[in-house]
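# Commentary on secondary and tertiary structure
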Amino acid sequence: MTMDDLVIPDTRACRAALEVASAYCSPALLNHSVRAYLWAAGYASAHDIAFDPELLYVSAMFHDIGLVKEFDSHTVPFEEAGGHVAWVFGAGAGWPVERRVRASEVIVRHMWDAVEVALDPEAHLLVFSTSLDISGQRPDALPADLRTEVLARYPRLGLGEEFLACFRNQAERKPDSSAAASVRQGIAARISANPLDAPGV
């Protein structure tokens, strides 16, 4: 499997979502968002999971936007803030309310421990892909050649340290948030041991 085998949508909404993410995310966080979609699409292809490519792509672009200073909320968890951004973006894109709600749901649910594919295939895929990219969970669920190609095209750029700093900041200000729970549950150790950061992955 290569990137050419993946469904990479090229809709107006996807192009706009990438433009917004590029404007506000750091290079490391932007590459993480792109990889989140690519890992998800690769996993879907390998496991015959049907999904909505545009919905998943837009959700991937905005799933961590609540961590950037312009959209960081002091009252709700970062994933909920990102869900609100996606809802507003969807309105501007002309999406019906139901589709805006779906994007918000996918983003909020990506911080769940697991999402059943029958309940929400896009969130199921985003849970897998973000867990892989941040914590290094289940790298062997994707072909080694695909992992090498994606990491070469969208390098990690010190994502681990940057992401951990974001989560620690969230945890300090919002101790009841999912980010705070992740910090308490040892995400720092998982990030430092992520095999995607090993040479030759």
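Above: the structure in question.
In this report, we go over the structure that sits alongside the text. The residue count restarts for each chain, going from 1 along the sequence in the order it is written. Since the coordinates come from a predicted model, pLDDT governs what is reported: local features require at least 70, and pairs of side-chain atoms require 80 or more to be given and counted, while whole-chain, interface and lining totals use all residues. For side-chain calculations, the full set of non-hydrogen atoms in the structure is used, while hydrogens and water are omitted.

## Quick word on the side chain of Asp 64
Within the secondary structure layout, Asp 64 lies in the loop between helix H3 (53-62) and helix H4 (78-92). Buried and without a salt bridge, Asp 64 has Arg 35 as its closest oppositely charged side chain, separated by 9.1 Å. Side-chain atoms alone can form a polar contact between residues adjacent in sequence; in general such a contact is a pair of N or O atoms within 3.5 Å, and within protein one must be able to donate a hydrogen while the other accepts it. Looking at Asp 64, its side chain comes within polar contact range of the side chain of His 32, at 3.0 Å. The contact partners of Asp 64, leaving out residues within four places of it in the chain, are Leu 29, His 32, Phe 78, His 110 and Phe 163. The helix and strand labels rest on DSSP assignments: H or I over at least four residues marks a helix, E over at least two residues marks a strand, and numbering proceeds from the N terminus. Three labels apply to residues, based on accessible area from a 1.4 Å probe with only protein chains included: buried if under 20% of the type maximum, exposed if over 50%, partly exposed otherwise in between. Charge assignment: positive for Lys and Arg, negative for Asp and Glu; neither His nor the chain ends contribute. Basic side-chain nitrogens of Lys or Arg form a salt bridge, by our definition, when they fall within 4 Å of a carboxyl oxygen of Asp or Glu. In what follows, a contact means two residues having at least one pair of non-hydrogen atoms within 4.5 Å.

## Looking at the environment of Ser 178
By the secondary structure assignment, Ser 178 is in helix H9 (residues 178-184). C-alpha of Ser 178 to C-alpha of Trp 112: the two residues are 66 residues apart in sequence and 8.5 Å apart in space. Leave out the neighbours within four places in its chain, and Ser 178 touches Phe 78, Glu 79 and Met 111. Of the polar contacts made by the side chain of Ser 178, one reaches the side chain of Glu 79; its length is 2.7 Å.

## Section: the pattern of salt bridges
Side chains carrying opposite charge are able to pair once their charged atoms draw close together. Throughout the structure, instances matching the rule amount to 15 salt bridges. Of the charged contacts in the structure, one is a salt bridge between Glu 122 and Arg 102, with a shortest N-O distance of 2.8 Å. Of the two residues, Glu 122 is situated in helix H6 (residues 121-135) and Arg 102 in helix H5 (residues 97-109); the sequence distance between them amounts to 20 residues. When salt bridges that share partners are traced, they join Arg 102, Glu 105, Arg 109, Asp 120 and Glu 122 into one network.

## With respect to the side chain of Glu 54
Locating Glu 54 in the fold gives a position in helix H3. With a relative accessible area of 17%, Glu 54 lands in the buried category. A polar contact of 2.9 Å, which involves the side chain of Glu 54, links it to the side chain of Arg 99. Once you skip the residues sitting within four places of it in the chain, Glu 54 turns out to touch Pro 9, Thr 11, Ala 13, Cys 14, Trp 95 and Arg 99.

## Structural notes on the nonpolar core
To form a nonpolar core, buried Ala, Val, Leu, Ile, Met, Phe, Trp, Tyr and Cys residues must be joined to one another through side-chain atoms within 4.5 Å. Counting residues in each nonpolar core, the largest one holds 62 residues, and the members touching the most others are Tyr 37, Trp 39, Met 61, Phe 62, Leu 125, Phe 163 and Phe 167. With 12 residues, the single largest contributor to this core is helix H2 (residues 27-46). Ignoring sequence-local partners within four residues, the contact set of Leu 125 consists of Ala 40, Tyr 43, Ala 44, Ile 49, Phe 51 and Leu 56.

## Examining the packing of aromatic side chains
What counts as a ring pair is set by centres within 6.5 Å for rings of Phe, Tyr and Trp (its six-membered ring), and what kind of pair is set by the plane angle: stacked under 30 degrees, edge-to-face over 60, tilted for all other angles. All chains considered together, the criterion is met by six aromatic pairs. Measuring from ring centre to ring centre gives 5.0 Å for Tyr 24 and Phe 71, while their planes differ by 70°; the resulting arrangement is edge-to-face. Placement of Tyr 24 in helix H1 (residues 12-24) and of Phe 71 in the loop between H3 and H4 is noted, with a sequence separation of 47 residues between them. The class of Tyr 24 is partly exposed, set by a relative accessible area of 36%. Their ring planes at 65° and their centres at 5.3 Å tell us that Tyr 37 and Tyr 57 sit as a pair that is edge-to-face.

## So, H3
Every α-helix winds through 3.6 residues per turn, so residues three or four apart in the chain are directed the same way. Burial within H3 is extensive, with nine of its 10 residues counted as buried. Along H3, the residues classified as buried are Glu 54, Leu 55, Leu 56, Tyr 57, Val 58, Ser 59, Ala 60, Met 61 and Phe 62. Contacts made by the buried residues of H3 are with H1, H2, H4, H5 and H6. A distance of 3.2 Å separates the backbone nitrogen of Glu 54 from a side-chain oxygen at the start of H3, and that oxygen is part of Asp 52.

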